[in-house]
Amino acid sequence: MSLLAITDLHKHFPVGKEGLFGRPAAWLRAVDGVSLELERGETLGLVGESGCGKSTVARVIIGLHSATSGSVRYEGVELTTLTRREWIPYRRKMQMIFQDPYASLDPRQTVASILAEPLAIHKLGRPRDRRLRAIELLEAVGLNPRHVHRYPHEFSGGQRQRIGIARALALEPDIIICDEPVSALDVSIQAQIINLLEELQERFQLAYIFIAHDLAVVRHICQRVAVMYLGRIVEVAARDELFGDPRHPYTRALLSAIPHPDPELERTRERVVLAGDVPSPLDPPSGCSFHPRCPERAEVPDDRCAREAPALVARATGGARLRACHLDES
Amino acid sequence: MALLEVRNLRVRFEMYHGTVLAVNGVDITLEEGETLGLVGESGSGKSVTNLAFMGLLPTPPAVVAADAMHFEGRDLMRLSESELRAIRGNEISMIFQDPMTSLNPLLTIGRQLTEVLEVHKGMTRRAARKACAASLEDVGMPNPEARLDQYPHELSGGLRQRVMIAMALLCQPKILLADEPTTALDVTIQAQILELMKDIQAKTGMAILLVTHDLGVIAGMAERVNVMYAGRLVETASTGALFARPLHPYTRGLLSSVPTLDSDPDAELYTIPGQPPDLVDLPAGCAFHARCGFAVDRCRDELPDLERHTDPVTSEARFSACFESKNLAAFVKNAAGTDDATVDATGGGRP
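These numbers were taken from a predicted model, which means no experiment stands behind them.

## Brief notes about the sheet that holds strand β2 (residues 24-38) of chain A
All names here are of chain A. Pairing is antiparallel across the open sheet formed by four strands, whose spatial order is β2-β1-β4-β5. Whereas interior strands pair on both sides, the edge strands pair on one side only; in this sheet they are β2 and β5 (77-78). Here five bridges tie strand β1 (residues 4-17) to strand β4 (residues 69-74), and the two strands are oriented antiparallel to one another. Considered in β4, the bridge of Thr-7 is made with Ser-71. Each of β1, β2 and β4 is contacted by helix α1 (residues 54-61), which is oriented at about 110° to β1, the strand it contacts most.

## A closer look at the confidence of the model for chain B
All names here are of chain B. Across chain B, the average pLDDT comes to 84, with 94% of residues at 70 or higher. For chain B, the element scoring lowest by mean pLDDT is helix α12 (residues 325-336), at 67; strand β10 (residues 224-229) scores highest, at 94. Among the scores for the predicted complex, ipTM is 0.77 and pTM is 0.82.

## Quick notes on the interface of chain A and chain B
Facing the 38 residues of chain A at the interface are 46 residues of chain B. Interface of chain A and chain B: buried area, both sides summed, is about 3600 Å²; carbon and sulfur atoms make up 56% of it. When the buried area of chain A at its contact with chain B is split by residue, Arg-219, His-220 and Pro-261 of chain A rank highest and sum to 17% of it. On the surface where chain A and chain B come into contact, there are one salt bridge. The partner of Asp-266 of chain B in a salt bridge is Arg-239 of chain A, with the nearest N and O atoms 3.2 Å apart. Linking chain A to chain B there are 14 residue pairs in polar contact (both at pLDDT 80 or more). Looking at the side of chain A that touches chain B, the elements that each hand over two or more residues are α6 (187-204), α7 (215-221), α8 (239-244), α9 (249-257) and α10 (263-268) of chain A. Of the residues forming the side of chain A that touches chain B, the biggest block, seven residues, is contributed by α6 of chain A. A breakdown of the residues in the side of chain A that touches chain B according to their chemical character gives 19 nonpolar, nine polar and ten charged.

Parameters and conventions
Residues numbered from 1 in each chain as written. Chains lettered and ligands numbered in written order. Predicted model: local features only at pLDDT ≥ 70, side-chain atom pairs only at ≥ 80, totals over all residues. Heavy atoms only, no water. Pairing = 2+ DSSP bridges. Helix = DSSP H or I, 4+ residues; strand = E, 2+ residues; numbered from the N terminus. Contact = heavy atoms within 4.5 Å. Axes fitted to C-alpha atoms, helices over the stretch in contact; angles between N-to-C directions. pLDDT = per-residue confidence, 0-100. Buried area = accessible area lost by both parts, 1.4 Å probe. Salt bridge = Lys/Arg side-chain N within 4 Å of Asp/Glu carboxyl O. Polar contact = N/O pair within 3.5 Å; in protein donor to acceptor, adjacent residues only side chain to side chain. Nonpolar A, V, L, I, M, F, W, Y, C, P; charged D, E, K, R; others polar.

Shown next, in the form of structure tokens:
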């Protein structure tokens, strides 16, 4: 059994109102049928452009948004139907690290109190034990334990991100959802945080859901990668398969759009530049939602892409990798 | 004569908690039609350098000084505010990182675009509107006529950045200062915008000064690169030579700490230890010495100047502000396993 299993998850947000108390004028389909599995100790990458729904998936998993439909199971237990009180023990098991280390720490709390708060909420230990735990956590993330009485503004961006990581570790979770944990950091600091996340994973057997738009970072840290486009998953594969042999035209375009820090390669390689923008999730295109931008659409006969949404399925020949595309795979 | 020539630019900010030494002696030469990359981390002074050319820093708190700041032979430091205004947006244009906050949300796209031509070219609004629609079409905007009557919030990030570029290009500037032009955009949109900037440059021959922290963007766009650290240039070279043979330990650290699509994904990432220095309280000697694996005693007391080196492969003149650059060159060469003997190797390399 998977540690976490998400099946056909939908999250639709109401937009506008018809009349004062009327029904919503439209539904924004942020997550539109996502299925994923996460094993203990693994890192699953969730990539896609802004607005593709990757952060919404994370928020539904962790219970910050309720699901519109579909299921989220943690060790076989359905989470979407739990009451607030029933949720509490599962919150301990799943923690989150946020993108912006400046906005995700309370500026009026000391580091000691930031790190002890999760323990206090879950009524773990006495105040003295919590203080000791805070010191232990600071050491685990490579910060000076003597700085435990400082405030967030006294730390740099990279150090604050370490505090955010320490806070996520406080309750000894099984899963940490990292929502763009390094994209606000400078390159030299980014590498430090990635190495720290990898070290902590090994030490505490953590499973990560790693949400990012930087595919080079994802390739470095993830074992499996799911690519999202407009609320749906278009491809899931093991890291080397996905990067070595991308099967979905959108994955190919994403990989091709990344600039390489290698001037010779940059000047010579062929690049797929996608036309246009990501369509609005308020009014997604018919059929495959990628079809208006897809460079390979002409290869599918009868304009099937515009009519019929492809399902996320394995190849006819089997194998673990999944893809949602009408293109012939042979 | 270079299009833009800046010698020994210094910018400091007099703040309540002390003096922030944001730029501490930077030289920049920009030739016609070239793309010069300016790389560095946040706080390295790259954006402040850009704003200083344009006279856009608020004084106080900023104090700007330079030995020379010439644009086509005109001394930018001696120009009056109205003379500067005739250059800004006309001969030198700028695009900023965040297309949402750099457009006025209360005015239509058309109003904001036509203003540029009315002010700088004295056009009537009707003529300006026509020119603006053409300019939007040039930057690949679908239905340009209709866009003129829309407000910024009605456009996506990529389209807004296209509006910013169209606006910057309206007067056919000689220099485009692009400060992180694609950082706020998704990769597929970034690819579109970068292609667009290249196309326009090929057509008009404008020079681009591209400020970014993304080494991948620099690799694809710039012919030459300046690397900044703590308000100074630490290395400058042609893009190919800089990426292949960095002579400054900071450049080398930056290049190796970025994961790429062809690096070994299972190897631990190289990291530059520590944090960038506090610009209020810069360390003595080289600002990078505390984080540098090559540092020797001299680095702690003495500030290295940009020193000329000859690239062993391209034979170009390149500059690095490091006492150990020669050893670093030998180290990089040994690591690459070549036996090129043009670099005077003394000592060998420390990691």
